[in-house]
Every structure is written in C-alpha cells, then in structure tokens.
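If you want the building blocks of each chain, they are given just below.
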Amino acid sequence: MNPTPEKAAAMPDRPLPAPPAAARRRAFRSVGELEDVRAFATRVARSAGLPDLRVERVVLAVNEVATNSFEHATGGCVITMWVERGSLVCQIDDDGRFGAAVRVPPPDLESRGHGLMLVDEITDVVRRHVHAGGTSTRLHFTIG
Amino acid sequence: MAHPTTVDHLLPGDHVCWTFDDHERHLSALVRFLRGGLARGEQVLYLTDTFLPDAFLAAAQAYGVEVREPERTGQLQVTTAEKSYLAGGAFDAERALDGWRAAIARARGQGYSALRVAADMGWTVRATPGVERLAWYEAQANRIFAGGYVMALCCYDRRLFTSAELDHISAAHPATARAGAGAHEEWAPMLRVRRDCEGLRLAGAADRSNSEALASVLHDLVADARFLPDGAAPLVVDLAELTFADTGIARLLASAAAAAPGRLVLRGARPALAELLAVIDPARAHAACATRSQA
C-alpha cells in the first residue's frame, strides 16, 4: 500500500485518453445500488486475475468514488473497467465538479479518514480530470 | 418492487425497509410474512395503512391462512397506523419507541418466541406533526430491534416517495429490499446487526446506504461501554462476518473504539477492513484483527 496522494495530486489535470471499445461499462444511479457497483467491480477484477485482497482494494476504491458521485453529482455515475498494460483500470464518470478540490492533502490526522484520500492510498495511480461535463476519475491497479 | 418471497429470508433481529409499488404483491408478501410467523409460534403484528383490518384478515383467510384463532388469542393483531403510530393525533417518536419496548415485554411475557411486525409507512407522507423525525425514529429503532427478538418489515410504497426520500429513509435500516430484489436471485438482508450483553455482531455489508442504522447502534454501544465498571470485560464489536465496510463505516468503527478506550474493542476484522483501520487508526488496528477467542 503506497501512500500516493502527493503523486496523484502532482498529476496534471489533463484530458484522459478514451477507454478501449472492449471495456466493460455500467451506469448506476444511487447509493441503493452500491451493492451492484461492488458486484460489478468484483467480477471484472477477478476476471482480470487479481488476487483476493487486491480485488477487495479495487472494490473498496470503486465503491468510494461511486459513493462520492452519488452524493455530489446529480446523475449517478458510469463505471468503465478494462485491462491495459499490466494494470486493471477503473474509470468513474459523473456530472459533478468536486473532484479537484478534494485532492489537497488534509492538514490533520482526524481527516485522514476522508474517503477519497484513502482511495489514493490503496490505489497505485489515481488520475482525475474535471471537465465541462463533470469529473472523470481513473484508478490503476497493477496486476500481479 | 421487492419480490414477495424476500420476506421468507428474514430472521428475528432484522429490520428491513421493504419497497413495493403494487398492492397485489404487497398483500402476497404480508400474507407470507404472517403465515411464517404464526407457524413459528411468533406474535404477529400488522399496522396497516393500506387495507381495512377486517378486509386484510378476510384476504389472508382467502389465501389459506387460518387467522380466526390466532386473532382471538392475540397471537395475530391487525390494526391501523392511526390507532398505533398516531394514537395521540401526532407522531411521537419517543412514545413509538417506548411502545416497541412494551410490546416486546408483553410478547416475551406471553411466551412467544419472537415478535414479528409489518408496518405500512404510507401515513408518513400525510401532513402529520412529528413526522419529520421519521428517519431519526427508524435509526433509533435499530437499537431495539438489534436485540434479536423483533423482526421488523417497514413497508414503503415507492409511489409515495421520491428516490431521494427513500434513500434517506433506507439508510436508517440495516437492509432494504429494493425494486427487483429477489426477482432473479435469492435476496438476503445486506446487513444484520445483533446486540447482546457481550457487545455487537455485524454480518454482511455496510456502506453509505445503511450507515445511519449502524451509527445509531454504535452510539448506543459507546454510551454503554462508558458506564462499564472499572475492570469489567470490554464490549466487543465482532467484525468477523462483516464482508464489506466502506471508509465511512471504518471511520465510524474506529471512532467508537477511540471514544471508549479499553471498554469497547473491535475484533475479527477481515484483511481488507484491517488494512483500512490501520490507515485510519494505526494505534488500535492491531487489536481489531485479533479474533474473538484471542481477545
């Protein structure tokens, strides 16, 4: 588990290249569907060959970003997952524009528990792009 | 709407937000629910906001459930929301919670193995004083239901609530049977919360959709832990069967343990949750991974 918030925050906010056509994609609307979000992420992460504990990290991270979408965006979120150059990539797109603000590391220990900060800690690389239509968050997990 | 068979998967101690949008299947679920309770020697209570009590009883009889004798003995009671929740003309959340405690004491006193309650919640959309405390009430009710004696089926008509309202209310329940639940695959409550003299047992998954329910029970547990006499065994939150917890839940658990140091401890966290607790509260994370027997 590499603490990578600084690394993530240092990533320039540039448009992300489009996911491949073969990526798995599903839309979710509300927190009531988090169980389905997790089932979807679990299936794709397992089929990508990740070991159990890493599958659980993927599920935790995707669940967290999706929860954030349900709370701050109005139209739910779309989750897209695929394998690319030895990594499992999960992209969460929503119509909210809060992504950039929460990347600043919190000053005190109490807020270390902030969900998205924890996502940065358990994910190998996090890239966020805030654009006119909302926010795209891309999580990379190294396979193997 | 949730499939009528979902009610077959409930156990005493479960508190479920059950959604429906058609009265035929609502009726079918209620009949299954009361048939199961009567067969198990439980007391069955139905607080209806949908049917006239006599009409409901006649319908249950027509579905093949013998209701006359249990109704005569008091094993089965069907009454309206007006005569129960709103007996004083307004919704008084505290009085309703006290009412559950009294109903549990009566049912136990009469030797029933459990108290099974179905409640139609449609009355909450009418202009009723006190109804703004509904989500608070539902969250508090978990403290009572987690005792493991009551099985509570809160029936919410999806046509009467916005999806935001339903999300808010369902977060106060450990589990929700949503549209489509049980239609294609077997449904089970997402989270089971059980409270006993040793502490709390959590089984299933906890996330933003049921966090209010868990927060309320943990709050109660912290208060009890603080009143433990010095040297008493700590209250334990048994996490061994908690298969998923998001970061908010992990934070809730870590804060509860930190609020009553040495008097409330986390045990049995699975690897993913243990990892999360280690990031949130490194000092206590080690103990949280220990199993209950090591404690």
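Structure: see above.
Since the structure is predicted, the reported quantities are computational estimates derived from the model, not experimental observations. (Residues numbered from 1 in each chain as written. Chains lettered and ligands numbered in written order. Predicted model: local features only at pLDDT ≥ 70, side-chain atom pairs only at ≥ 80, totals over all residues.)

1. Focus on the overall build of chain B
- Secondary structure assignment for chain B yields 10 helices and 10 strands.
- Taken over C-alpha atoms, the radius of gyration comes to 20 Å for chain B, in line with the 19 Å a tight globule of 295 residues would show.
- With the C-alpha coordinates aligned to their principal axes, the bounding extent of chain B is approximately 60 × 40 × 35 Å.
- A total of 295 residues make up chain B; the buried ones form 48% of that total.
- For chain B, the share of sequence-separated contacts (at least 6 apart) that also reach a separation of at least 24 residues comes to 76%. (Helix = DSSP H or I, 4+ residues; strand = E, 2+ residues; numbered from the N terminus. Rg over C-alpha atoms; globule rule 2.2 N^0.38 Å. Buried ≥ 20, exposed ≤ 12 C-beta atoms within 10 Å, placed from the backbone. Contact = placed C-beta atoms within 7 Å.)

2. Details of the sheet that holds strand β10 (residues 264–267) of chain B
Residues and elements named next belong to chain B.
- Ordered by their spatial adjacency, four strands build an open sheet running β7-β8-β9-β10, and the pairing between neighbours is mixed. Since the sheet does not close on itself, it has two edges, and those belong to β7 (191–196) and β10, each with one partner. Between one strand and the next, the sheet's axes are offset by a mean angle of 15 degrees, whatever the strand orientation.
- Relative to β10, strand β9 (residues 235–245) is paired through four bridges, and the arrangement is parallel. Along β10, the bridge assignment pairs Val-237 with Leu-266.
- Its contacts with the sheet put helix α7 (residues 211–226) on β7, β8 (199–206), β9 and β10, and the angle it makes with β8 is roughly 165 degrees. (Pairing = 2+ DSSP bridges. Axes fitted to C-alpha atoms, helices over the stretch in contact; angles between N-to-C directions.)

3. Some remarks on the environment of Ala-87 of chain B
Residues and elements named next belong to chain B.
- Its place among the elements puts Ala-87 in the loop between β3 (76–80) and α4 (93–109).
- The class of Ala-87 is partly exposed, set by 16 C-beta atoms lying within 10 Å.
- Residues Ala-87 and Thr-5 lie 82 residues apart in sequence; the distance between their C-alpha atoms is 32 Å.

4. As for the sheet that holds strand β2 (residues 77–84) of chain A
All names here are of chain A.
- Ordered by their spatial adjacency, five strands build an open sheet running β1-β2-β3-β5-β4, and the pairing between neighbours is antiparallel. With one partner strand each, in any of the chains shown, β1 (24–28) and β4 (125–131) form the two edges of the open sheet. Sheet twist, expressed as the mean angle between neighbouring strand axes with direction ignored, is 15 degrees.
- With eight bridges joining them, β2 and strand β3 (residues 87–94) adopt antiparallel strand pairing. Among the inter-strand pairings, Cys-77 is bridged to a residue of β3, identified as Asp-94.
- Contacts from helix α2 (residues 34–47) reach β1, β2 and β3, with the element oriented near 170 degrees to β1.
- The strands touched by helix α3 (residues 52–72) within the sheet are β1, β2, β3 and β5 (134–142), with β3 carrying the most contacts at an inclination of about 10 degrees.

5. Description of the interface of chain B and chain A
- Of the residues lining the interface, 21 residues belong to chain B; the matching set on chain A comes to 19 residues.
- Broken down by class, the residue content of the side of chain B that touches chain A amounts to eight nonpolar, six polar and seven charged. (Nonpolar A, V, L, I, M, F, W, Y, C, P; charged D, E, K, R; others polar.)

6. What to know about the environment of Ile-169 of chain B
All names here are of chain B.
- Mapping Ile-169 onto the fold places it in helix α6 (residues 163–170).
- The spatial distance from the C-alpha of Ile-169 to the C-alpha of Ala-183 is 23 Å, given a sequence separation of 14 residues.
- Among residues more than four places away in sequence, those in contact with Ile-169 are Cys-17, Leu-134, Ala-135, Glu-138 and Tyr-156.

7. Observations concerning the pairing of strand β5 (residues 150–157) of chain B
All names here are of chain B.
- Most of β5 sits inside the fold, with seven of its eight residues counted as buried.
- Pairing of strand β1 (residues 15–20) with β5, which is carried by six bridges, proceeds in the parallel orientation. Each residue of the ladder has a partner; that of His-15, found in β5, is Ala-152.

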